[in-house]
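Inside the fold
Each chain is listed here by its residues.
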Amino acid sequence: MLSRTIMIFPKFNNEYIIDSIRKKYDPLYNLVKPHITLVFPFQDKISNIELEKKLEECLMKTNSFRLLLQGISKQEDVYGNYLFLNVKVGSKEIIDIHKNLYMDIWEQENNQPYIPHMTVGKLVSKDEMMKAYIDIKDLDVCFETVVDKISIEEIGKNNESFVIIEKYLK
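Residues numbered from 1 in each chain as written. Predicted model: local features only at pLDDT ≥ 70, side-chain atom pairs only at ≥ 80, totals over all residues. Heavy atoms only, no water.

**Thoughts on the pattern of salt bridges**
This model, assessed by the stated rule, comprises 10 salt bridges. Its salt-bridge partner being lysine 24, residue aspartate 135 comes within 3.0 Å of it at the nearest N-O pair. Taken together, the residues span a long stretch of sequence, with aspartate 135 in helix α4 (residues 126-136) and lysine 24 in helix α1 (residues 15-25) at a distance of 111 residues. Ionic pairing is found between lysine 131 and glutamate 128, a salt bridge with its closest N-O pair at 3.9 Å. Here the residue lysine 131 and the residue glutamate 128 both occupy positions in helix α4, the gap between them amounting to three residues, near one helical turn. Taken together, the shared-partner salt bridges in this structure form one network comprising Glu52, Glu56 and Lys167. (Salt bridge = Lys/Arg side-chain N within 4 Å of Asp/Glu carboxyl O. Helix = DSSP H or I, 4+ residues; strand = E, 2+ residues; numbered from the N terminus.)

**Examining the environment of valine 89**
In this structure, valine 89 sits in strand β4 (residues 80-89). Residue valine 89 is classed as partly exposed on the basis of its relative accessible area of 28%. Taking C-alpha positions, valine 89 is 6.8 Å from arginine 66, a pair spaced 23 residues apart along the chain. Non-local contacts of valine 89, meaning those with residues more than four positions away in its chain, are made with Arg66, Leu67 and Leu68. (Buried < 20%, exposed > 50% of the residue type's maximum accessible area, 1.4 Å probe, protein only. Contact = heavy atoms within 4.5 Å.)

**Some remarks on the sheet that holds β4**
The strand order across the open sheet built from four strands is β5-β4-β3-β6, with neighbouring strands paired in antiparallel fashion. Looking along the sheet, the strands with just one partner apiece sit at the ends: β5 (117-123) and β6 (143-147). Taking each pair of neighbouring strands and ignoring which way they run, the sheet shows an average axis angle of 35 degrees. Of the strand pairs in this sheet, strand β3 (residues 65-77) and β6 are connected by five bridges, and their pairing is antiparallel. Within β6, the position partnered with arginine 66 by the bridge is valine 146. Along the sheet, α1 makes contact with β4, β5 and β6, crossing β5 at roughly 30 degrees. (Pairing = 2+ DSSP bridges. Axes fitted to C-alpha atoms, helices over the stretch in contact; angles between N-to-C directions.)

**Remarks on the sheet that holds strand β2 (residues 36-43)**
The pairing of strands in a sheet comes from backbone hydrogen bonds and takes either a parallel or an antiparallel form. Spatially, four strands are ordered β2-β1-β7-β8 in an open sheet, and the strand pairing comes out antiparallel. Two strands close off the open sheet at either side, each with one partner strand: β2 and β8 (161-168). Between one strand axis and the next, the sheet turns through 20 degrees on average, direction left out of account. Across seven bridges, strand β7 (residues 149-155) lies against β8 in antiparallel orientation. Note on β8: the bridge partner recorded for isoleucine 155 is serine 161. Helix α2 (residues 48-58) rests against β1 (3-8), β2, β7 and β8 of the sheet, and its axis sits at about 40 degrees to β8. Against the sheet, helix α3 (residues 91-105) contacts β1, β2 and β7, and its axis sits at roughly 20 degrees relative to β2.

In structure tokens, the structure reads:
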């Protein structure tokens, strides 16, 4: 069964800064472009054609929106030790899309609290996360763009990303 996910792949003029942080702290740096996850990796029998149709229906009333990322935060949870680039503008739109996708495609709500962010680091230990956080916490750069498409990716057996569907927003 295919493992897929639904994401935003924003483009920024100063994306090289994100790349330099991810290269240092994110093990997925070479496998997937900087992204904001809308639907976490899932395995489902729904075909890509059906999934594309559902995505299109879900996004029918969604317009392009402004996205601004700024500030670094850290999170330790059951999945690991993370460094996040925070969403300052566009959170409401991202949360709405996230909720709609879960309710429309799987007819259920995601029970996990969802905070829009871009992962820029995943560290093996809390100590490593704290060292990395101290290294980049004072980064005071804005990353700004307009989100105009949503992508579905297939996750390869080595965690590599293959974009299989892109839907443009109004």
